[in-house]
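Fold and contact review
Below, each chain spelled out in residue letters.
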Amino acid sequence: MEEKKIIYLDNAATTPVRPEVLQAMLPYFTDKFGNPSGIYSVAAENKKAITLARETIAKTINAKTENIYFTAGGSESDNWAIKGIAESLGSKGNHIITSKIEHHAILHTCEYLEKKGFEVTYLDVDENGIVKIDELKKAIRPDTILISIMFANNEIGTLQPIAQIGEIARKAGIIFHTDAVQAYTQVPIDVEEMKIDLLSTSAHKINGPKGIGFLYIGDNVKMHSFIHGGAQERKRRAGTENVPGIIGFAEAAKLASADMKERTSKESELRDYLIDRVLTEIPYVRLNGDRYKRLPNNANFSFQFIEGESLLIMLDMEGICASSGSACTSGSLDPSHVLLAIGLPHEIAHGSLRLTLGTMTTKQDIDFTVDRIKEIVARLRNMSPLYEDFLKSQKHD
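Report on the accompanying structure.

What counts, and at which threshold
- Residues numbered from 1 in each chain as written.
- Predicted model: local features only at pLDDT ≥ 70, side-chain atom pairs only at ≥ 80, totals over all residues.
- Heavy atoms only, no water.
- Pairing = 2+ DSSP bridges.
- Helix = DSSP H or I, 4+ residues; strand = E, 2+ residues; numbered from the N terminus.
- Axes fitted to C-alpha atoms, helices over the stretch in contact; angles between N-to-C directions.
- Contact = heavy atoms within 4.5 Å.
- Buried < 20%, exposed > 50% of the residue type's maximum accessible area, 1.4 Å probe, protein only.
- Expected span 1.5 Å × (residues − 1).
- Salt bridge = Lys/Arg side-chain N within 4 Å of Asp/Glu carboxyl O.
- 1 Å grid on protein atoms, 1.4 Å probe; cavity = no way out; pocket = protein on both sides within 12 Å on 5 of 7 lines; lining within 4 Å.
- Points joined across faces, edges and corners; volume = space filled by probe spheres on them.
- Nonpolar A, V, L, I, M, F, W, Y, C, P; charged D, E, K, R; others polar.

1. Describing the sheet that holds strand β6 (residues 175–179)
Strands belonging to one sheet form pairs held by backbone hydrogen bonds; the direction of such a pair is parallel or antiparallel. The strand order across the open sheet formed by seven strands is β2-β8-β7-β6-β5-β3-β4, and the pairing between neighbours is mixed. Each of the sheet's edge strands pairs with one partner strand only, and the pair in question is β2 (68–71) and β4 (119–123). Here the strands of the sheet are splayed against their neighbours by 20° on average, with no regard to which way each runs. Looking at chain direction, strand β3 (residues 95–99) and β4 are connected through five bridges and run parallel. Within β4, the residue paired with I96 across the bridge is V120. Helix-sheet contacts for helix α4 (residues 104–115) involve β3, β4, β5 (144–148) and β6, and the interaxial angle to β4 is about 150°.

Rendered as structure tokens:
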């Protein structure tokens, strides 16, 4: 029996490790296993390898090497950024500004801080998921200590005006953090030019290993240690370094930065082809997020009169991996907080589908996927009493 081809279109959730990344990591599991904190040469070589990896990564965002701190991933980096500023600047003020469409690593951390007496303003976004700059300016208070706005949304792919927000924060003397987990190596990032003080990333979104990320901490940011213990990460995050992860992350970052222009150009072309086919060939569907100010590899749709979960299950039976939104909330029955924030009613938000392309995605994959979506949506609508009622009402009009 012929094995079914898997078409993987959930690259926003995670990506496969590139072969070159795996090859770079392998020696650090076996021959080069030394603890970088040791004083013998095996350890010293690993310490040097970590420094080189830090340099490689720093260049990708135009940062200084010493401003890169390795973490276990995006969620930890977000937690450290938000809690770190709250702890170190809490005596100066207790007000934080963020948006309603942030990743839960930001939203849940802010909710945690609210219980500790901090006040959080959750900014609305427009129908495309873009923060309203006027509302951001109005939200700033004398006791505002942090603005945290994601670079690109993980569900609908919308890009925020980060440089503009950085400028506003810098002028007001407020620390600016951005969760760049989805945007890193997908769009150009320059922390100096964009006036970013704190930036979070994760390796497994860019064909690197899971369990490793970094937090960029600018020179002007005073933050306490996040994990207490040894002197690793310049005494700010204790614990033996994940050497294979760090080496893998640096290799993935180097490769992704080198081919960013060519790769994202190809992804944008395929993304636009996918969007055009879906919007022209399937009725009662909308594209979520800005048509142009979006990640090169992201397409998010809402199909009326169907349940997104049924669509996902039926696509899976065809060998197509997709999602309805963030992988972190896939166990939840509630509609996406992002889709509700851009103004979608519950019943339409429930019929959403996120397709995120990767380096291996082909035009044939897109064609096969769209053909299957058309068939499945038609089949699900034929079973829907809501769709039947809708068609009847259309006849009477």
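There's plenty left to go through after this.
2. What to know about the sheet that holds strand β12 (residues 352–356)
Strand order in the open sheet formed by three strands is β9-β10-β12, and the pairing between neighbours is antiparallel. Sheet topology places β9 (285–287) and β12 at the edges, where each strand pairs with a single neighbour. Strand-to-strand twist in this sheet, taken as the mean axis angle between neighbours without regard to direction, amounts to 25°. Inspection of the sheet shows β9 paired to strand β10 (residues 298–303) by three bridges, in the antiparallel sense. Paired with R286 across the strands is S302, a residue of β10. Contacts from helix α8 (residues 260–281) reach β9, β10 and β12, with the element oriented near 10° to β10.

3. Section: helix α9 (residues 308–317)
Buried residues of α9: G308, L311, L312, M314 and L315, and no others. Considering only its buried residues, α9 is in contact with β10, β11 (320–321), β12 and α12 (363–382). Directly after α9, the chain includes G319, whose backbone phi takes a positive value near 85°.

4. Remarks on the environment of I165
Its location among the elements puts I165 in helix α6 (residues 162–172). Given the relative accessible area of 0%, I165 is considered buried. It is 10.0 Å that separates the C-alpha atoms of I165 and H177, two residues lying twelve residues apart in sequence. Filtering out sequence-adjacent residues up to four positions away, I165 remains in contact with I133, L136, I147, I149 and F176.

5. A short note on α4
In this model, α4 (twelve residues) spans 16 Å end to end at C-alpha, consistent with the 16 Å of a helix rising 1.5 Å per residue. Looking at the buried positions of α4, the neighbouring elements they touch are α3 (74–89), β3, β4, β5, β6 and α10 (337–341). Following α4 by one or two positions, G117 adopts a phi angle in the positive range, close to 105°.

6. A few points about the pattern of salt bridges
Any two side chains of opposite charge can pair, on the condition that their charged atoms come close. The tally for this structure, following the rule as stated, stands at 25 salt bridges. With a closest N to O distance of 3.1 Å, R354 and D10 form a salt bridge. Here R354, found in strand β12, pairs with D10, found in the loop between β1 (7–8) and α1 (19–25); they are 344 residues apart in sequence, far enough to count as distant. Taking the relative accessible area as the measure of exposure, R354 reaches 1% and is therefore buried. What makes D10 buried here is its relative accessible area of 11%. Linked by salt bridges that have partners in common, R277, E281, D367, D371 and K374 make up one network.

7. Points about empty space enclosed by the protein
A complete count under the given rule lists one cavity of 30 Å³ or more for this structure. In this structure, the largest cavity occupies an estimated 220 Å³ of space. Around the largest cavity, the lining is made up of 21 residues, and of these T15, Q186, K205, I206 and N297 lie nearest the centre. Here the residues of the lining of the largest cavity sort into seven nonpolar, ten polar and four charged.

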